[in-house]
Amino acid sequence: MTESPDRTPLPRSFFDRPVLEVAPDLLGRTLVRTSTTGSIELRLTEVEAYAGAIDPGSHAFRGRTARNAVMFGPPGHAYVYFTYGMWHCLNLVCGPEGQASGVLLRAGQILTGAEQARPRRLSARYDAELAKGPARLATALDVALSLNGTDTCAGPDSPLYVLTGTPPRADQVRNGPRTGVGGEGAPHPWRFWIDEDPTVSPYRAHTPRKRRS
């Protein structure tokens, strides 16, 4: 018998903790995206932690900018960024306020609302691929820069919020190097995922981009 997910919204205190505590604890939680067309609920199965000033892989490593300002808090807000000129990615900001850190949402299982996600993800061969990877997750949930700074602790009044869900057992959680991160931040084993879940994206090492001549 499958346990029903807990539908209690996560409070701000959940996010007001060190990022390496929050990241694995987000696995199994239910992310809800509401809009005028309905709602989509997604069980988080893969995440990555980024620790700001002590993490060369973080957008906030060199300090506050207009782009990364949301990462400095308050905790529990959404940090959305645009990358490679074509994709959005969704992060959840962690505490304490003033010290930038966040968790990249890399993959998940769509529990309800797949019929809304499929037209946005026409290349997905089956539903397990709808949100398999951070750009795919954001695309499936119709996440854009307009959601940057959204308070995910506002519950159903917010277009993005997180429910307690059904966390996995401790022995189901794995961790390893982050995907696509190069330089000094590459070795950090700060990617966390639910073992053997079909929605988890494959690991890819960083490949330096070629400079155009």
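Our structure's up above, just so we're on the same page.
Residues numbered from 1 in each chain as written. Predicted model: local features only at pLDDT ≥ 70, side-chain atom pairs only at ≥ 80, totals over all residues. Heavy atoms only, no water.

**Description of the layout of surface pockets**
No. 1: For the second largest pocket, the calculated volume is near 270 Å³.
No. 2: Considering the residues around the second largest pocket, the lining is formed by 18 residues, among which A51, I54, Q99, A100 and S101 are closest to the centre.
No. 3: For the lining of the second largest pocket, the per-class residue count stands at 12 nonpolar, 6 polar and no charged. (1 Å grid on protein atoms, 1.4 Å probe; cavity = no way out; pocket = protein on both sides within 12 Å on 5 of 7 lines; lining within 4 Å. Points joined across faces, edges and corners; volume = space filled by probe spheres on them. Nonpolar A, V, L, I, M, F, W, Y, C, P; charged D, E, K, R; others polar.)

**Considering the environment of A117**
No. 1: Note that A117 resides in helix α3 (residues 114-117).
No. 2: Sequence spacing of A117 and I40 is 77 residues, and the spatial spacing of their C-alpha atoms is 8.0 Å.
No. 3: Other than its neighbours up to four places away in sequence, A117 contacts I40, I110, L130 and A140. (Helix = DSSP H or I, 4+ residues; strand = E, 2+ residues; numbered from the N terminus. Contact = heavy atoms within 4.5 Å.)

**Topic: the nonpolar core**
No. 1: By size, the foremost hydrophobic cluster in this structure holds 39 residues, and its most contacted members are L26, L90, V103 and L105.
No. 2: Ranked by residue count, the leading element in this core is strand β3 (residues 38-50), at 5 residues.
No. 3: With residues near it in sequence (within four places) discarded, L26 still touches L10, F14, F15, L44, V47, L92, V103 and L105.
No. 4: Residues A60, M71, F72 and A100 belong to the second largest nonpolar core, which totals 12 residues. (Core = buried A, V, L, I, M, F, W, Y, C linked by side-chain atoms within 4.5 Å. Buried < 20%, exposed > 50% of the residue type's maximum accessible area, 1.4 Å probe, protein only.)

**With respect to the pairing of strand β4 (residues 78-83)**
No. 1: Burial analysis of β4 places 5 of its 6 residues in the buried class, which makes it a mostly covered element.
No. 2: With 6 bridges joining them, β4 and strand β5 (residues 87-93) adopt antiparallel strand pairing. Bridge pairing in β5 links V80 to L90. (Pairing = 2+ DSSP bridges.)

**A few points about the packing of aromatic side chains**
Aromatic ring pairs are described here by two measures, namely the spacing of the ring centres and the angle between the planes.
No. 1: Summed over the entire model, instances satisfying the criterion amount to 2 aromatic pairs.
No. 2: Centroid distance F14 to F15: 5.1 Å. Interplanar angle 75°. Geometry classified as edge-to-face. For the pair shown, F14 and F15 are each scored as buried.
No. 3: Look at Y79 and Y81: their rings are 5.6 Å apart centre to centre, the planes differ by 40°, and that puts the pair in the tilted class.
No. 4: Judged by its relative accessible area of 2%, Y79 is buried.
No. 5: The aromatic ring of F14 is capped on one face by R17, whose charged end is 4.6 Å from the ring centroid.
No. 6: For the cation-ring pair, R64 lies above F72, with the distance from its terminal atom to the ring centre recorded as 4.3 Å. (Phe/Tyr/Trp six-rings, centres within 6.5 Å; stacked < 30°, edge-to-face > 60°. Lys NZ or Arg CZ within 6 Å of the ring centre and 35° of its normal.)

**Concerning a nonpolar patch on the surface**
No. 1: Taken together, the side chains of Y84, M86 and W87 define a hydrophobic patch exposed on the protein surface, amounting to about 370 Å² of accessible area.
No. 2: As for its placement among the helices and strands, M86 is situated in the loop between β4 and β5.
No. 3: Looking at M86, the relative accessible area reads 52%, which means it is exposed. (Patch = residues over 30% accessible without salt bridge, like charges linked within 9 Å, V, L, I, M, F, W, Y side chains within 5 Å. Areas by Shrake-Rupley, 256 points an atom, 1.4 Å probe, with all protein chains shown as cover. Salt bridge = Lys/Arg side-chain N within 4 Å of Asp/Glu carboxyl O.)

**Some points on the state of the cysteines**
No. 1: Taken as a whole and assessed by the stated rule, the structure comprises 0 disulfides.
No. 2: Considering cysteine sulfurs only, C153 is the nearest to C94, which forms no disulfide, with 10 Å between them. (Disulfide = S-S within 2.5 Å.)

**Things to note about empty space enclosed by the protein**
No. 1: Under the counting rule described, the total for this entry stands at 1 cavity of 30 Å³ or more.
No. 2: R33, S35, G38, I40, Q116, R120, L141 and D142 are the residues that line the largest cavity.
No. 3: Looking at the lining of the largest cavity, the elements with two or more residues in it are β2 (30-35) and β3.
No. 4: In terms of residue class, the lining of the largest cavity is built from 2 nonpolar, 3 polar and 3 charged.

**With respect to the environment of L141**
No. 1: Following the sequence through the fold, L141 ends up in the loop between α4 (134-140) and β7 (160-165).
No. 2: Classification of L141 as buried rests on a relative accessible area of 1%.
No. 3: In this structure the C-alpha to C-alpha distance between L141 and S39, which are 102 residues apart in sequence, comes to 9.0 Å.
No. 4: In contact with L141, not counting residues within four places along its chain, are L31, R33, I40, L42 and R120.

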